[in-house]
Amino acid sequence: MSSEESMNPAAEESGEKKPSKKELAKLERQRKRQEAAAASAAAAAANLSISVDDPLAASYGEIPLNDLQSKEVSAAIWTPVKDLTYELKNNSVLIQGHAQAIRAVGKKMAFLVIREECFTVQCVLTVARDLVSPQMVKFVTSLSRESIVDIEGIVSVPSQPITGASQQVEIQVRKLYCVNKAVPILPINIEDAARSDAEIEKALQAGEQLVRVNQDTRLNYRVLDLRTPANQGIFEVQCQVEEIFRQFLLSNGFRGIHTPKLIAGSSEGGAAVFRLDYKGTPACLAQSPQLHKQMAICGGFNRVFEIGAVYRAEDSFTHRHLCEFIGLDVEMRIKKHYSEVMDIVDGLFVKMFDTLNEKCGKELEAINKQYPFEKLKYLRKTLRLTFEEGVHMLKEAGIEVDPFGDLNTETERKLGQLVLEKYGTEFYILHRYPLAVRPFYTMPCHDNSKYSNSFDVFIRGEEIISGAQRIHVPEFLTERAQACGIDVSTVSTYIDAFRYGAPTHGGFGVGLERVVMLFCALNNIRKTSLFPRDPQRIAP
């Protein structure tokens, strides 16, 4: 069973505390229970081995390690659990998955729920001559939950709907082999990790206390947490976001590139970089592919994109910041106006939202079951507002902001509410930002040097994209770098790239995890990072 501590429902913060003496003592008790359960299971297995000879003994058991070392090539055809449908009635199938639930019904019958990814199927063992023996039923019921099993059986269609599995068929088990046993006592149970806050609150009102698995516990045992239906859905959505991004850009004349992550100077300026020694030379991890994707444009590439890791050494203990995340970056030549870059943003994200809603219905349903959210509201033609217009909307709502400063998290959210009320969209572009709050390589506006040819994009009141026209004149670029306090020698190769004929160009960058988090209205970016890295977490 899982740890029975009552998890803190508010523990969705990013911090990770050292275990207290009480927690350490509890872990030690848990370890002893696991050892006792393991000994009990071993004794049960021994009893099975010395029981009366079973003529069906070859139809079940633990697979020897030797047979799992790629001993021979098999021609067997495996059926994914998701493909188990009515059409396979009376067919023999071979499946593999986690034993999510095991339930004995007397000594002659047992039920198993087998899970593969986010799909489950109910399997039935019923003692029958020459098919299933009592010893086989006993072996199956001795297995620990989450063990990996191979099952061969016949597909049947029950007369009543199945409520405990996603697939509406059953497998009448004929053979079952354990590939790998899970420990008898799991640090967290999948059903606990899959439970919604609404279920927990409803149980509390009924006088029942259910286990709530907090954020840090989930991340400590991430390999178990990832098995929940919601997490399976989250990372399928993430996969689709990346694929849509790639395919849309390829179809619009972009070329995929890969830029270095080890660089001599900071790519964004400032002190929030991971510094390291590079063969005796000071270096750091790239904060973005910004400089090199611009250099690719100077190298004759008209349109480029990159999907790759980005590193930020900021001490940001928030729900939306990570020290390492996956960046989706774009850079392109501009013919006349930086609105050409915003046009790409518009087309890309409308296509992305449409495709996710169309292709990921089951995944979004699984996410929504544990983390309820409303479908994102967006327009066919994305709304564009200037920064000045945004400031004006805030002032009309009684919120004073610096017209040449940046928006903080609170004002971003408020502006998002105002935009939703006035325009009916949760996805919009805010452009012509003050130059003072943008990176050194941002092109100032032609009509007012206090503003810049830049933009941010928002989903549900939170920023997901920063973009701009870049400075392509080396002398002006040097001047701006010095004005921003950057040691020009650390970006000299970048600036030199513009001395040999550089086109007008611009681009944008977006965090993959943040897109998924906001599309699904999740409350913490750690939910959309497979193994998050924040200021206090570097494992697992």
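The text that follows walks through the structure, step by step, so that each part is easy to find. (Residues numbered from 1 in each chain as written. Predicted model: local features only at pLDDT ≥ 70, side-chain atom pairs only at ≥ 80, totals over all residues. Heavy atoms only, no water.)

Things to note about the overall build of the protein chain
Here comes step 1: Within the protein chain one finds 15 helices and 17 strands.
Here comes step 2: Across its three principal directions, the C-alpha atoms of the protein chain cover 90 × 55 × 55 Å.
Here comes step 3: Within the protein chain, residue pairs in contact and separated by at least 24 positions form 71% of the contacts whose partners lie at least 6 positions apart.
Here comes step 4: When the accessible surface of the protein chain is totalled, it reaches about 26600 Å², and 52% of it is carbon and sulfur. (Helix = DSSP H or I, 4+ residues; strand = E, 2+ residues; numbered from the N terminus. Contact = heavy atoms within 4.5 Å. Areas by Shrake-Rupley, 256 points an atom, 1.4 Å probe, with all protein chains shown as cover.)

Comments concerning the side chain of serine 196
Here comes step 1: Within the element layout of this structure, serine 196 appears in the loop between α3 (190–193) and α4 (197–205).
Here comes step 2: With sequence-adjacent residues up to four places away left out, serine 196 is seen in contact with Lys369 and Gln370.

Focus on helix α15 (residues 512–519)
Here comes step 1: Across the 8 residues that make up α15, a large majority, 8, are buried.
Here comes step 2: Buried residues of α15: Leu512, Glu513, Arg514, Val515, Val516, Met517, Leu518 and Phe519, and no others.
Here comes step 3: Just downstream of α15 lies alanine 521, where phi reads positive at about 55°. (Buried < 20%, exposed > 50% of the residue type's maximum accessible area, 1.4 Å probe, protein only.)

Observations concerning unusual backbone geometry
Here comes step 1: Residues alanine 539 and proline 540 are joined by a peptide bond in cis, for which omega reads 0°.
Here comes step 2: A positive phi angle, near 50°, is found at arginine 460, a position not held by glycine.
Here comes step 3: By the secondary structure assignment, arginine 460 is in the loop between β15 (454–459) and β16 (462–469).
Here comes step 4: Its identity as a non-glycine residue notwithstanding, alanine 521 has a phi of 55°, on the positive side.
Here comes step 5: By the secondary structure assignment, alanine 521 is in the segment after α15.
Here comes step 6: Classification of alanine 521 as partly exposed rests on a relative accessible area of 35%.

Overview of the state of the cysteines
Here comes step 1: In the structure shown here, the tally under the stated rule is 0 disulfides.
Here comes step 2: Cysteine cysteine 445 remains unbridged, with the sulfur of cysteine 484 as its closest cysteine sulfur at 16 Å.
Here comes step 3: Residue cysteine 520 stays outside any disulfide, its sulfur separated by 8.8 Å from that of cysteine 360, the closest cysteine.
Here comes step 4: On the basis of relative accessible area, cysteine 520 is assigned to the buried category, the value being 0%. (Disulfide = S-S within 2.5 Å.)

Brief notes about the pattern of salt bridges
Here comes step 1: Per the counting criterion, the structure on display carries 29 salt bridges.
Here comes step 2: Lysine 261 is the salt-bridge partner of glutamate 306, the closest N and O atoms lying 3.0 Å from each other. With glutamate 306 in strand β11 (residues 303–311) and lysine 261 in the loop between β7 (255–256) and β8 (262–263), this pair connects stretches of sequence that are 45 residues apart.
Here comes step 3: Put simply, Lys293, Asp329, Glu331 and Arg470 are held in one network by salt bridges that share partners. (Salt bridge = Lys/Arg side-chain N within 4 Å of Asp/Glu carboxyl O.)

Some remarks on the packing of helix α11 (residues 387–396) against helix α12 (residues 409–423)
Here comes step 1: Put simply, α11 and α12 touch, their axes get as near as 10 Å, and they point 90° apart. Relative to α12, α11 is oriented roughly perpendicular. The segment α11 lies against α12, with Gly390, Met393 and Leu394 engaging Thr411, Lys414, Leu415, Leu418, Val419, Lys422 and Tyr423.
Here comes step 2: In terms of residue class, the contact of α11 with α12 is made up of 6 nonpolar, 2 polar and 2 charged. (Axes fitted to C-alpha atoms, helices over the stretch in contact; angles between N-to-C directions. Parallel < 35°, antiparallel > 145°, perpendicular 65-115°, else oblique. Nonpolar A, V, L, I, M, F, W, Y, C, P; charged D, E, K, R; others polar.)

Comments concerning the nonpolar core
Here comes step 1: Core analysis: the largest hydrophobic core is formed by 56 residues, its most contacted members being Phe349, Phe455 and Ile464.
Here comes step 2: Here the element with the most residues in this core is helix α9 (residues 339–359); it accounts for 10 residues.
Here comes step 3: Among the nonpolar cores identified, the runner-up in size contains 27 residues, and Ile95, Leu143, Ile151 and Ile171 belong to it. (Core = buried A, V, L, I, M, F, W, Y, C linked by side-chain atoms within 4.5 Å.)

What about the environment of asparagine 91?
Here comes step 1: Its place among the elements puts asparagine 91 in the loop between β1 (60–62) and β2 (92–104).
Here comes step 2: Along the sequence, asparagine 91 and isoleucine 171 sit 80 residues apart, while their C-alpha atoms lie 9.7 Å from each other.
Here comes step 3: Not counting residues up to four positions away in its chain, the partners in contact with asparagine 91 are Gly153, Ile154 and Val155.

Structural notes on the pairing of strand β4 (residues 119–126)
Here comes step 1: Of all 8 residues in β4, 7 are buried, a share of seventy percent or more.
Here comes step 2: Pairing of strand β3 (residues 109–116) with β4, which is carried by 8 bridges, proceeds in the antiparallel orientation. Its bridge partner lying in β4, isoleucine 114 is registered against valine 121.
Here comes step 3: Turn length for the β3-β4 hairpin, with the two strands adjacent in sequence and antiparallel, is 2 residues, and the turn residue glutamate 117 shows positive phi of about 55°. (Pairing = 2+ DSSP bridges.)

Some details on the sheet that holds strand β17 (residues 505–511)
Here comes step 1: The sheet built from 8 strands is open, its strands ordered β7-β11-β12-β17-β16-β15-β14-β13 with mixed pairing. The sheet is open, and its two borders are formed by β7 and β13 (383–386), each paired with just one other strand.
Here comes step 2: Bridge count between strand β12 (residues 324–333) and β17: 7 bridges; the pairing is antiparallel. The residue bridging leucine 328 from the neighbouring strand is valine 510, located in β17.

Notes on the packing of helix α7 (residues 229–251) against helix α10 (residues 361–370)
Here comes step 1: In contact at an axis separation of 8 Å, α7 and α10 are set at 135° when each is read in the N-to-C sense. By the criterion of interaxial angle, the relationship of α7 to α10 is oblique. As α7 runs across α10, the sense of the crossing is left-handed. Each of Pro229, Ala230, Gly233, Ile234, Glu236 and Val237 in α7 lies in contact with α10, whose residues at this interface are Glu363, Leu364, Ala366, Ile367 and Gln370.
Here comes step 2: Looking at the contact of α7 with α10, its residues break down into 7 nonpolar, 2 polar and 2 charged. (Left-handed = near helix turned anticlockwise from the far one by under 90°.)

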